[in-house]
Amino acid sequence: MKINTCLPLTKLATALALLLPFAAFADSAKKLEVFSWWTSGGEAAALDALFKVYKERTPGVEIVNATVAGGGGSAARPVLQTRLAGGNPPDTWQAHPGWELLGQYVEPGYCEPLNDLYQSENWGKVLPEQLVKLLTKDGKQWCVLAGVHRGNDLWYNKKVLEKAGIKIGDTISIDEFLADCAKLKAAGVTPLAVGDSGIWATAQLFENTLLGTVGPTGWQDLFSGKMAFDDPKVKQAAQSYAKLLEYQNSDHSALTWDQAIKAVEEGRCAFSSMGDWAHGEFTKANLKDDVDFGWVSHPGTKGGFIVVADGFTLAKNAPHKAETVSWLKSIGSKESQEEFNPLKGSIPIRTDVDKSKFGPYHQWSMKSFASDALLPSCVHGEAAPAAFQQALNDAITQFVVDKNVDAFCSALVQAAKESNITK
Amino acid sequence: MKSSTARSPDTKAPDQVAENRLPWTREQPTRKRRFSDRILSPLILSPAMTLIVIFVYVFIAITIWVSLSNWGTLKVDMSIRQPLGVTYQQMFGMTRWHANLRNVFIFTALFLSFSLAFGLLLALLLDRKLIGYTIFRNVFLFPYALSFIVTGVAWRWIFNPEKGVNVLFDTFGINKLIEAFGGPPLHPGWITDTSVLFSLNTWLGTIFPPLKSLSIQLGIPMALIPVVIAAGWQLTGFAMSMYIAGLATVPHELREAARIDGASELQVYTKVVIPQLNPVTVSTAIILGHVSLKIFDLIFAMSGGAGPGFVTDVPGIFVFDYTFKATRYNLGAAASVIMLLLVCMIIVPYLWTNLRKR
């Protein structure tokens, strides 16, 4: 009898359960789902600028802005991976070129090639060849880049250096830099600001130092397996890195990278080695390029440009393919590139944009972009598989404490083997 | 009309009725009983059982399979990696994993002793029924209502090396006092401290030489102490409420008898009351123990992950990093399997003894 009273409820529940899946298919309007992790102030504004240009070009499309907050996509990637594996991809998602795009997304077949779009838009003529190579596999292009950051910059507080009698020219070598650090330390200033509560920030310092030691060709050789990670040059880079760590702030592991930049802004530290997303922190604090703060290529890396770029893909079986293609077309347009990049603090990938829209730093960076060797970043997942990136982060986590060069290099050699960088 | 007791004229207890039932009343109730035992209860339980079997046991089996597979990129690859179990072998060779195991054991030991000791102390104090008994009981239990993330963020600020408690050492003149005696001022790095206390490497190395070459220090990582304090702060209230419940079951007569036999008030506690609480201690230790083996969110909020030199790394963070950041699903699954085994090591003996008692 008790069961009987429950029956209507059960029927209702069953009916609801059967009906619910259909509710999800009710909409069929023109839509575009964009998946990214651009949620912080400048990033969100830059993304909005992309949306604005797209809406002007293609009216009547509703944009679903599927952002997942969290620095560097640490929270977004698990969500994206689940959606891709579950066969429910967003139309387009944010990806770094290089290994992350080609190995992680293209190789398993989650993306559609874009070579037709590249041809019809004639992008081959306005994009640097080295850059296009980073997003090409099997002769096809697989994403459209919105902008490029430069990873190997050394930022400094001009006033602090002036006071200590240090002048920085166009270029600086690692030895000169170490000498400057020693001088600053003797004067009672903390020379180097690092904020490695997210370990990638100090990994970035190592990456930059590594490029400064092996040079652009060495960099290519390392990540194509021609040079081993226990090569004397890599060991030398690790030693220099260990020396640099002697000059860092004592509270480095409690700070984030932007708090480290803040220490430079406030003059508590003199230098910080960080990609040019740091530039936005300086401008946010109302500091002027070349007046309050200065920059130079990280010691020894002049002639090299570590690319940290963000692009968007076209999902295989994208629910709204036509809209997505016009979205990618819009991103690659001159208009979008000019609107997006000043807000994001990056530089356009096109070489034919109006340079006057950019400040002194970015004009400098554009010049470097046009002439230097463009190299994929390992810390940002472009040069090597994610598993190697994690192994590098782990090796750095240990190295920061024990400074054991041999153990560090052999850990990298092992990781390179496992990730098939070296056979 | 509804139950057998209502139908039978006698007023005996139901189970007795079942045994001494008259022949003419036997048939229908047993049929009913048989229906409810053999059909109805499995029927009602089956949806829950199916879900548990699928979402717990099948998924455990899948995880074990993944841990043995080649699935090391975003592309699903369930083929078995040769030689069998090489992922586990690799994991047990990793410096980071050594640090993980050290940390999780040290953390569990410290956290359990902290929570149990303070939980018992608070319960005994409240047992005296002093003024404000109800207020304090609630105050001590409140932290338990928070989530680990909230606790983690709050204690991260408290243990910030530049601000937080370190400022108090200066403002209250503690550092001046220490300096006056010639000591260095107190500025602990707390969660960022990379030193390891009571390192046993050399001592263990003399017994078992391979341990000498271990790349991590076996001891108590200083950075875990703030984490233990934060976790203890949150769960001491839980241990306390378990002990309060346990104290209520200690018969008053026992205490009275002890007092009449001339036991001092201290002896009443140490010889009579606390030994009676042993089963409570065991259950509380098991509940807290499996919380601490699986800990992830508190540490993630406090140190943002592994910490310098893996001083605050635990298997939960290892699994997250390797599964979702490095996309090495097999390695992440292998670490999850080991976590499961660790929890089983605590839970299974407990369940075993409990079931045997019945």
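(A) Just the overall build of chain A, in detail. Looking only at helices and strands, chain A features 18 helices and 12 strands. For 423 residues, the compact-globule formula gives about 22 Å, and the C-alpha radius of gyration of chain A, at 24 Å, lands near that figure. Excluding contacts between residues fewer than 6 apart, the proportion of contacts in chain A whose partners are at least 24 apart in sequence is 76%. Surface exposure of chain A reaches about 17800 Å², of which carbon and sulfur atoms provide 54%. Charge-centre separation for chain A: the mean point of 41 positive side chains lies 2 Å from the mean point of 48 negative side chains.

(B) Spotlight on the domain arrangement of chain A. Residue and element names in this part refer to chain A. Assigned domains of chain A: these are domain 1 (31–150 + 307–376) and domain 2 (153–300 + 384–418). For domain 1 versus domain 2, the separation of C-alpha centres amounts to 27 Å. Each side of the interface is counted separately: domain 1 has 15 residues, and domain 2 has 17 residues. Interface area lost by domain 1 to domain 2 is led by Arg150, Tyr361 and Leu375, which between them contribute 43%. Counting across the interface, domain 1 meets domain 2 through 1 salt bridge. We note a salt bridge from Asp153 to Arg150, for which the minimum N-O separation is 2.7 Å. Along the contact surface separating domain 1 from domain 2 lie 8 residue pairs in polar contact (both at pLDDT 80 or more). Mapped onto the side of domain 1 that touches domain 2, the elements with two or more residues apiece are helix 4 (99–106), strand 6 (143–150), helix 16 (360–371) and strand 12 (373–376). Examining the composition of the side of domain 1 that touches domain 2, we find that 5 residues originate from one element, helix 16, more than from any other. Partitioning the side of domain 1 that touches domain 2 into residue classes produces 9 nonpolar, 5 polar and 1 charged.

(C) View of the packing of aromatic side chains. Under the criterion given, the structure shown has 45 aromatic pairs over all chains. A ring pair is formed by A:Trp155 and A:Tyr361, whose centres lie 5.1 Å apart and whose planes are at 45°; its orientation type is tilted. Of the two residues, A:Trp155 sits in strand 7 (residues 153–157) while A:Tyr361 sits in helix 16, which places them 206 residues apart along the sequence. Judged by relative accessible area, which is 0%, A:Tyr361 ranks as buried. Both rings, one in B:Phe320 and one in B:Phe324, keep their centres 5.9 Å apart while their planes meet at 50°; by these two values the pair is tilted. Taken together, the residues span about one helical turn, with B:Phe320 and B:Phe324 both in helix 16 (residues 315–325) at a distance of 4 residues. Look at B:Phe324 and you get partly exposed, because its relative accessible area is 28%. Three or more aromatic residues link up through ring pairs in this structure, and these residues are A:Trp38, A:Phe51, A:Tyr54, A:Phe312, A:Trp327 and A:Phe340.

(D) The packing of helix 10 (residues 200–224) of chain A against helix 11 (residues 232–245) of chain A, seen in detail. Residues and elements named next belong to chain A. Relative to each other, helix 10 and helix 11 sit at 155°, their axes nearing to 9 Å. Considering their axes alone, helix 10 and helix 11 lie roughly antiparallel with respect to each other. Between helix 10 and helix 11 lies a crossing whose hand is right-handed. Residues Thr202, Leu205, Phe206, Thr209, Leu210, Thr213, Val214 and Leu222 of helix 10 touch helix 11, and the partners they reach there are Lys233, Val234, Gln236, Ala237, Ala238, Ser240, Tyr241, Leu244 and Leu245. The class makeup of the residues in the contact of helix 10 with helix 11 is 11 nonpolar, 5 polar and 1 charged.

(E) Inspection of the sheet that holds strand 10 (residues 293–297) of chain A at higher detail. Residues and elements named next belong to chain A. Ordered in space as 8-9-7-10, the 4 strands form an open sheet in which the pairing is mixed. Single-partner strands in this sheet number two, and they are strand 8 (190–192) and strand 10. Direction aside, neighbouring strands of the sheet carry axes that sit 20° apart on average. Bridge count for strand 8 against strand 9 (residues 269–274) is 2 bridges, and the pairing is parallel.

(F) The arrangement of the confidence of the model for chain A in detail. Residue and element names in this part refer to chain A. With 92% of its residues at a pLDDT of at least 70, chain A reaches an overall mean of 88. Here residues 1–6 is modelled with pLDDT under 50, and outside its nearest four sequence neighbours on either side it reaches 1 contact, counting other chains as well. Taken together, the stretch residues 18–27 has pLDDT below 50 and engages in 0 contacts with residues farther than four places along the chain or on a different chain.

(G) A look at the pattern of salt bridges. Under the criterion given, the structure shown has 22 salt bridges over all chains. The partner of A:Lys159 in a salt bridge is A:Asp292, with the nearest N and O atoms 2.9 Å apart. Of this pair, A:Lys159 sits in helix 8 (residues 158–163) while A:Asp292 sits in the loop between helix 13 (278–284) and strand 10, placing them 133 residues apart in sequence. A:Asp292 sits in the buried class, given a relative accessible area of 15%. Between B:Glu265 and B:Arg128 there is a salt bridge, and its shortest N-O distance comes to 3.2 Å. With a gap of 137 residues between them, B:Glu265 in helix 13 (residues 265–276) and B:Arg128 in the loop between helix 5 (95–127) and helix 6 (133–141) connect regions that are remote in the sequence.

(H) Region of the structure containing the domain arrangement of chain B. Residues and elements named next belong to chain B. Looking at the assigned domains, one finds that chain B contains domain 1 (4–68) and domain 2 (96–357). The distance between the C-alpha centroids of domain 1 and domain 2 comes to 41 Å. Taken together, the contact pairs 5 residues of domain 1 with 7 residues of domain 2. For the pair domain 1 and domain 2, the summed buried surface comes to about 410 Å²; carbon and sulfur atoms form 88% of the total. By the criterion of area lost to domain 2, the three top residues of domain 1 are Thr63, Val66 and Ser67, representing 73% of everything that side buries. Where domain 1 meets domain 2, there are 0 salt bridges. Across the side of domain 1 that touches domain 2, the residue classes tally to 3 nonpolar, 2 polar and no charged.

(I) Local environment of the environment of B:Ala230. All names here are of chain B. Along the polypeptide, Ala230 turns up in helix 11 (residues 224–249). When the C-alpha positions of Ala230 and Tyr329 are compared, they lie 31 Å apart, and in sequence the two are 99 residues distant. Setting aside its immediate chain neighbours within four residues, Ala230 contacts Thr151, Trp155, Leu298 and Met302.

About the criteria used
- Residues numbered from 1 in each chain as written.
- Chains lettered and ligands numbered in written order.
- Predicted model: local features only at pLDDT ≥ 70, side-chain atom pairs only at ≥ 80, totals over all residues.
- Heavy atoms only, no water.
- Helix = DSSP H or I, 4+ residues; strand = E, 2+ residues; numbered from the N terminus.
- Rg over C-alpha atoms; globule rule 2.2 N^0.38 Å.
- Contact = heavy atoms within 4.5 Å.
- Areas by Shrake-Rupley, 256 points an atom, 1.4 Å probe, with all protein chains shown as cover.
- Lys, Arg positive; Asp, Glu negative; His and termini not counted.
- Charge placed at Lys NZ, Arg CZ, Asp CG, Glu CD.
- Domains from an automatic or database assignment.
- Buried area = accessible area lost by both parts, 1.4 Å probe.
- Salt bridge = Lys/Arg side-chain N within 4 Å of Asp/Glu carboxyl O.
- Polar contact = N/O pair within 3.5 Å; in protein donor to acceptor, adjacent residues only side chain to side chain.
- Nonpolar A, V, L, I, M, F, W, Y, C, P; charged D, E, K, R; others polar.
- Phe/Tyr/Trp six-rings, centres within 6.5 Å; stacked < 30°, edge-to-face > 60°.
- Buried < 20%, exposed > 50% of the residue type's maximum accessible area, 1.4 Å probe, protein only.
- Axes fitted to C-alpha atoms, helices over the stretch in contact; angles between N-to-C directions.
- Parallel < 35°, antiparallel > 145°, perpendicular 65-115°, else oblique.
- Left-handed = near helix turned anticlockwise from the far one by under 90°.
- Pairing = 2+ DSSP bridges.
- pLDDT = per-residue confidence, 0-100.

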